Amino acid sequence: MEKKDVKIINQGLEDEMEVWGYRPCPWKMVLVAVGAVCTGGLLFLVLYWLPEWGVRGTCTRTPFIRESQTLLLRSTCIPVFEHFGPLACEKAGKNANGFQSGFNRRLFFEVNEIAVKVPSVFKLLIKEVLNPFYIFQLFSVILWSIEQYYYYAAAIVFMSVISIATSLYTVKKQYIMLHDMVATHSIVRVSVYVEEAMSTELVPGDVIVIPSNGMIMPCDAVLVHGNCIVNESMLTGESVPVTKTSLPSSGEDGAGVYSIEEHKRHTLFCGTHIIQTRFYTGELVKAVVVRTGFSTEKGQLVRSILYPKPTDFKLYRDAYLFLLCLVGVAGIGFIYTIVLSIINQVPAKTIVVESLDIITITVPPALPAAMTAGIVYAQRRLKRVGIFCISPQRINICGQLNLVCFDKTGTLTEDGLDLWGIQRVENGSFSPPEDDPANETLVRSSFVSCMATCHSLTKLEGELSGDPMDLKMFNATGWILEEPTEEETALHNPIMPTVVRPPKQVLPEVNQEVNLLSYEIGIVRQFPFSSALQRMSVVVRKLGEKRMDAYLKGAPEVVASLCAEDTIPESFTETLEFYTRQGFRVIALAHRQLEAKLSWHKVQNLNRDLIETNMEFLGLIVMQNKLKEETSGVLKDLRRANIRTVMVTGDNMLTAISVARDCGMITPHERVIVADATPPKDIQPATINWHYTENHATSKDNLEISLEDLGHQGYHFAMSGRSFAVITEHFPDLVQKLALHATIFARMAPDQKTQLVEVLQSVDYTVGMCGDGANDCGALKRAHSGISLSELEASVASPFTSSTANISCVPNLIREGRAALITSFCVFKFMALYSIIQYLSVTLLYSILSNLGDFQFLFIDVAIILIIAFTMSLNPAWKVLVAQRPPSSLISGPLLFSVLTQILTCLAFQILAFLWVRGQNWYEKWTPLSDANLTHGPNITSHVDHKNIRNYENTTLFYVSSFQYLAVAIIFSKGKPFRQPSYKNCKLHLCIVNCIVCVPHEWRITVVIIVLVNAAVSFLLEVQYAIGNFMCIHPTICLYRIQLGKTPRVRYMQVAQELQEDPDWPPKPATLQKNIFNQACQLITNSYLQ
């Protein structure tokens, strides 16, 4: 398609699209109508299957989108819609015109409703019947009826009706479930500023009031007044309530442009449950509507369910090419039949029918259903082990995974953190570690006050709820949290804060007890934790004091950068490194006393950057994050299977390295090279500092790159999110080299996790992502296979969800994926051979003006092919992961060798049997009055066989071909190393035995010998294929081929080959600067040439 008149929408976003506008063209429509009449409606079917052609064939392109009546987005035809620009934060906070001023805006926006219309059964039936598969079936049934194959045609019609009915029931049920899920909370009454209105009438810009008892959000809205406690499990799979605060209205943040991605902590998303709000007299909790209908977060989720992104997998592309080859074979048979029939002076009607019949034989109509069966069986087996799948087509892709990224906390390690101890700062240096922050001597310390106030906990039904780490930290203090009731907030103009205080204790001194009971701290303002900022803070006021205090907690490096240098101990770096090397998670605390002039209301409008500066460093909280029991064993299995593992975490670098060593992701003898990149500043270019975490040996002998073990080459790179961003921007030539060996990615923001998955995919890794579903949603969706560890049965954040909260689900999923992939190959090869074997039999019979009979076709297709095709998919996955991976392409040398040799073998033995029977002394050439029933001499019967069915050649080829179907079914039904051995598949062998028993026993021993020899030859050829395939895909063989200088196909192996020849890789401890001079020269040269 030409780029002329193209428009871009959602530029730079994940759903960026090119748009062309079209309007109807009368003369084109007339031509299409004439063509449809001339082709008997076939042209309409083609345009229905290819909507892009339909638009081009009936419309003309217009350069003005507003004048168009149809939009073409890539290759999809959809109704016209408007795309609106961003909303400024400052305007969002001040736009309170509400419902009345929204009248004009409603002219541009549709109804605020995620309408999932349930199609009628008639519409679904028409859509299903117009599927190319069923149109081909209809064509075949008509043709068979003309040939008087009534029984076979009736059987195919019966199976098609059952298939259509089952599909209609499933689709209808899914539509009803999705409609009920969406409609349950879509239409509610909301307060739009001062009036009551239905939620369907909301438009962007309306100001709505959030009730105190909560609600289900009917739209996406940004908070402008008040706070909310929200359950977002519907979107993220994370059941921990989240605190949402109002959008900043002043400072740099308030002057910026509102972005849903950057301001998630201030945005209430459609479909999420508002559990609790904080509202005050005269200051109701208000939010401005920013997105409605299908534009909301929930709407986009529903749209992705209704119109899922097509899975681009090589197997499916190759399957279409293979089918085209079969169509080519059918074309040859079509021409052969016509020429042969003309030579033998066959009537014209018979020529047309038999030549078309050869096409229905060559292209197997049951292929899609047979290939789907293996995926369905795999999905059921996954469900039995607690893995739920919402995208079944991705199961096959799991069989090709060769790299898996893991989140750390909650995935590799326990979700909950145990408080190991604290280390406070006194007089500018660290005091000895303490294990009990609830000690009476620490009650009034700033350190414990920070632990008790700097969190996002809330009380739901009398129980503390919030982030598990916050809960551990707060419970360690022993303090009590009290929240104001609705009555209290309604009686006071000032903001009623959440109050924390020490527990009531009986102390030796009465005065101390009184003083302690009066020691309370109110949380005036909260700045929630941000993954991007890696910190959170609160503004508090102690009872009886005029000044307010600010407390801060977060990543030690970030907190230290916000503190005054004289308050940071000199041993800060050494102490932090001491803990992180042992795998502890370390959190730093800081404090600042605010100016006395700041009032309660002024604090509500302050930017957090004004508060989080020049703070006093208080000390460290040391949390112990234990490995899950299953982690080490699973990673060992993945490593043994040559599946690379990568850690992507938001935790500290050294902590991540320590955990990686503890769990076996990095073995003791392997080195870690830290890539510490800094962005350009002033005239200083961007730099990368390479240093080794331990044993800083620089000998190239110890660090020589070897391709052995495909990715575990004795050294690993580690980098932070900051370094990752600098390298991708300023050192793009190093990205692929680092991607090949980087194992630790620490301090990674959620969007950086997604970028990392894209980088790994760019070097041809098939990437899996395993996370807890909270900050990993983007990466889970972007990976080839995302696995969410969640208690929910089906998480919308990823294609797969495990009910067991550990990574043991990963090898289970890969094993089932490999089994499903091999099953797809086996079924495809079997169905292709079935068509070709039948094609060969019919072609040979056509040479004597004969064909298979109605019941013979029925027996082959129903009693043999259909049953075996579905039972051969029942082999479960092999119990262990092996280093060998299944092939990913149907168009490969070994596989084509397997198919072609089996075809030639079957052809050879069919010709042998065909010629052998004609050479017998008792053979009689067919005449309309003969009945060759395998007895010597003519047999006269009252039945006249005008179609030449009952002859020696027919019977011989029928028996031989029937055994050939069974032979290739057994040979292609592969077992180890990806599936359980075929002899354990009792249902398959039961079906094969039944088919063999059905063959009459009166036939000649010679035919049995021919069949046995045929089976033996086919088996030996398939063994040769298996050996050839092993030589092509086994890692050791691949390594040997690369060392011989052969260029590998995948990009990451090409990079590995380049690095093997690079004497300066891996880098020694040094500093690498971006070459500004060369870059400037290049830019000048390019501009001069232009």
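Procedures and definitions
- Residues numbered from 1 in each chain as written.
- Predicted model: local features only at pLDDT ≥ 70, side-chain atom pairs only at ≥ 80, totals over all residues.
- Heavy atoms only, no water.
- UniProt positions renumbered as here; feature names shortened; annotations may be inferred.
- Helix = DSSP H or I, 4+ residues; strand = E, 2+ residues; numbered from the N terminus.
- Buried < 20%, exposed > 50% of the residue type's maximum accessible area, 1.4 Å probe, protein only.
- Contact = heavy atoms within 4.5 Å.
- Areas by Shrake-Rupley, 256 points an atom, 1.4 Å probe, with all protein chains shown as cover.
- Patch = residues over 30% accessible without salt bridge, like charges linked within 9 Å, V, L, I, M, F, W, Y side chains within 5 Å.
- Salt bridge = Lys/Arg side-chain N within 4 Å of Asp/Glu carboxyl O.
- Phe/Tyr/Trp six-rings, centres within 6.5 Å; stacked < 30°, edge-to-face > 60°.
- Lys NZ or Arg CZ within 6 Å of the ring centre and 35° of its normal.
- Pairing = 2+ DSSP bridges.
- Axes fitted to C-alpha atoms, helices over the stretch in contact; angles between N-to-C directions.
- pLDDT = per-residue confidence, 0-100.
- Arc of directions from axis to C-beta.
- Parallel < 35°, antiparallel > 145°, perpendicular 65-115°, else oblique.
- Left-handed = near helix turned anticlockwise from the far one by under 90°.
- Expected span 1.5 Å × (residues − 1).
- Polar contact = N/O pair within 3.5 Å; in protein donor to acceptor, adjacent residues only side chain to side chain.

An unreviewed UniProt entry annotates the protein as Polyamine-transporting ATPase 13A3 of Oncorhynchus tshawytscha. Recorded under Function (unreviewed entry), the UniProt text for the protein is reproduced unchanged: "ATP-driven pump involved in endocytosis-dependent polyamine transport. Uses ATP as an energy source to transfer polyamine precursor putrescine from the endosomal compartment to the cytosol." In the Sequence similarities (unreviewed entry) part of its UniProt record, the protein is described as follows: "Belongs to the cation transport ATPase (P-type) (TC 3.A.3) family. Type V subfamily."

Draft legend 1. Main features of the overall build of the protein. The number of helices and strands found in the protein is 38 helices and 39 strands. Across the 1090 residues of the protein, 52% fall into the buried class. Long-range contacts, defined as pairs at least 24 residues apart, comprise 73% of the intrachain contacts of the protein with a sequence gap of at least 6. Surface summary for the protein: the accessible area is close to 51,000 Å², and the carbon and sulfur share equals 59%.

Draft legend 2. Quick peek at a nonpolar patch on the surface. On the surface, Tyr48, Trp49, Leu50 and Trp53 cluster together into a nonpolar patch covering about 410 Å² of accessible area. By relative accessible area, Tyr48 is classed as partly exposed at 41%.

Draft legend 3. Layout of the pattern of salt bridges. On inspection of all chains with the given rule, the structure shows 17 salt bridges. Arg501 is paired through a salt bridge with Glu482; the nearest N and O atoms lie 3.0 Å apart. Taken together, the residues Arg501 in strand β25 (residues 498-501) and Glu482 in strand β24 (residues 480-482) connect sequence positions 19 residues apart. On the accessibility criterion, Arg501 (13% relative accessible area) is buried. In this structure, Arg640 engages Asp637 in a salt bridge whose closest nitrogen and oxygen atoms are separated by 3.0 Å. Of this pair, Arg640 and Asp637 both sit in helix α24 (residues 631-640), separated by three residues, roughly a single helical turn. Of the residues examined, Asp637 reaches a relative accessible area of 31% and is grouped as partly exposed. Overlapping salt bridges, with partners in common, bring together Arg535, Arg608, Asp609 and Glu612 in one network.

Draft legend 4. Highlighting the packing of aromatic side chains. Tallied over the full model, the rule gives 16 aromatic pairs. The interplanar angle of 70° and the centroid separation of 5.3 Å between the aromatic rings of Phe578 and Tyr579 together place this pair among those described as edge-to-face. For Tyr579, a relative accessible area of 3% puts it in the buried group. Ring centres of Tyr715 and Phe717 lie 5.7 Å apart, and the angle between their planes is 85°; this geometry places the pair in the edge-to-face category. Of the two residues examined, Tyr715 and Phe717, each falls in the buried class. Ring pairing ties together the aromatic residues Trp420, Phe578, Tyr579 and Phe584, which thus form one cluster. Between Lys737 and the ring centre of Trp1065, over which it is positioned, the NZ or CZ distance is 5.6 Å.

Draft legend 5. Spatial organisation of the sheet that holds strand β28 (residues 548-554). Spatial strand order, β21-β20-β30-β29-β28-β27-β26-β25-β24: nine strands in an open sheet with antiparallel pairing. The sheet terminates laterally at β21 (429-430) and β24, the two strands that pair on one side only. One ladder, built from seven bridges, connects strand β26 (residues 521-530) with strand β27 (residues 535-542); its direction is antiparallel. Paired with Ile521 across the two strands is Lys542, which belongs to β27. Here helix α16 (residues 446-453) sits on the sheet and contacts β20 (418-426), β25, β26, β27, β28, β29 (585-593) and β30 (616-624); the angle it forms with β30, its principal contact strand, is near 60°.

Draft legend 6. Just the confidence of the model for the protein, in detail. A residue-level look at the protein finds 77% of positions with pLDDT of 70 or above and a mean pLDDT of 76. Contacts for the low-pLDDT stretch residues 695-712, under 50 throughout, to residues beyond four places or in other chains number 37 contacts. pLDDT under 50 marks residues 997-1003. Its contacts with residues more than four places away, or in other chains, come to seven contacts.

Draft legend 7. Region of interest: helix α17 (residues 468-477). Those residues of α17 not exposed but buried are Met469, Asp470, Met473, Phe474, Ala476 and Thr477. Projected down its long axis, α17 carries its buried residues within an arc of 155°, all on one side. Phi turns positive one or two residues past the end of α17, at Gly478, with a value near 80°.

Draft legend 8. Region of the structure containing the pairing of β29. Most of β29 sits inside the fold, with seven of its nine residues counted as buried. In this structure, β28 lies alongside β29, joined through six bridges in antiparallel fashion. Across the sheet, the residue bridging to Gly554 is Ala588, located in β29. Bridge analysis of β29 against β30 gives seven bridges, and the strand direction is antiparallel. Pairing of Val586 across the sheet is with Val622, part of β30.

Draft legend 9. Examining the packing of helix α14 (residues 367-384) against helix α30 (residues 809-846) more closely. Where α14 contacts α30, the two axes come as close as 9 Å, and the packing angle between them is 160°. Taken together, the axis directions place α14 and α30 in an arrangement best described as roughly antiparallel. α30 is crossed by α14, and the crossing has right-handed handedness. Every residue of α30 that contacts α14 at Leu367, Ala370, Met371, Gly374, Ala378, Arg381 and Leu382 is listed here: Asn812, Leu813, Glu816, Ala820, Thr823, Ser824, Val827, Phe828 and Met831.

Draft legend 10. Main features of α14. Over its 18 residues, α14 runs 27 Å from end to end, which matches the ideal 26 Å to within 8%, given 1.5 Å per residue. Of the residues making up α14, those classed as buried are Leu367, Ala370, Met371, Ala373, Gly374, Ile375, Tyr377, Ala378, Arg381 and Leu382. The first or second residue beyond α14 is Gly386, which carries a positive phi of 85°.

Draft legend 11. Highlighting unusual backbone geometry. Of note, Asn614 is a non-glycine position whose phi angle comes to about 50°, a positive value. Looking at where Asn614 falls in the secondary structure, it is placed in the loop between α23 (608-611) and β30. Of note in the backbone geometry, Leu849 takes a positive phi value of approximately 60° without being a glycine.

Draft legend 12. How the structure looks around the side chain of Gln752. The topology assignment puts Gln752 in helix α28 (residues 750-762). Look at Gln752 and you get buried, because its relative accessible area is 12%. Within the structure, the side chain of Gln752 is placed 2.8 Å from the backbone oxygen of Gly721, a separation counted as a polar contact. Setting aside chain neighbours within four positions, we find Gln752 in contact with Gly721, Arg722, Phe724, Ala725 and Arg747.

Draft legend 13. Structural context of the environment of Leu367. In this fold, Leu367 is placed in helix α14. Between the C-alpha atoms of Leu367 and Met831, which are 464 residues apart in sequence, the distance is 6.4 Å.

Draft legend 14. Representation of the side chain of Asp407 in the model. Here Asp407 lies in the loop between β19 (403-406) and β20. Look at Asp407 and you get buried, because its relative accessible area is 7%. Residues within four places of Asp407 in sequence aside, it is in contact with Leu412, Val648, Thr649, Lys753, Met769, Cys770, Gly771, Asp772 and Asp776.

Draft legend 15. Highlighting the packing of helix α21 (residues 572-581) against helix α25 (residues 653-663). Contact pair α21 / α25: the axes reach a minimum separation of 7 Å and the direction vectors enclose 25°. Compared by their axis directions, α21 and α25 come out roughly parallel. Regarding α21 and α25, the two cross each other, and that crossing is right-handed. Residues Glu577, Thr580 and Arg581 of α21 lie in contact with α25, whose contacting residues are Leu654, Thr655 and Ser658.

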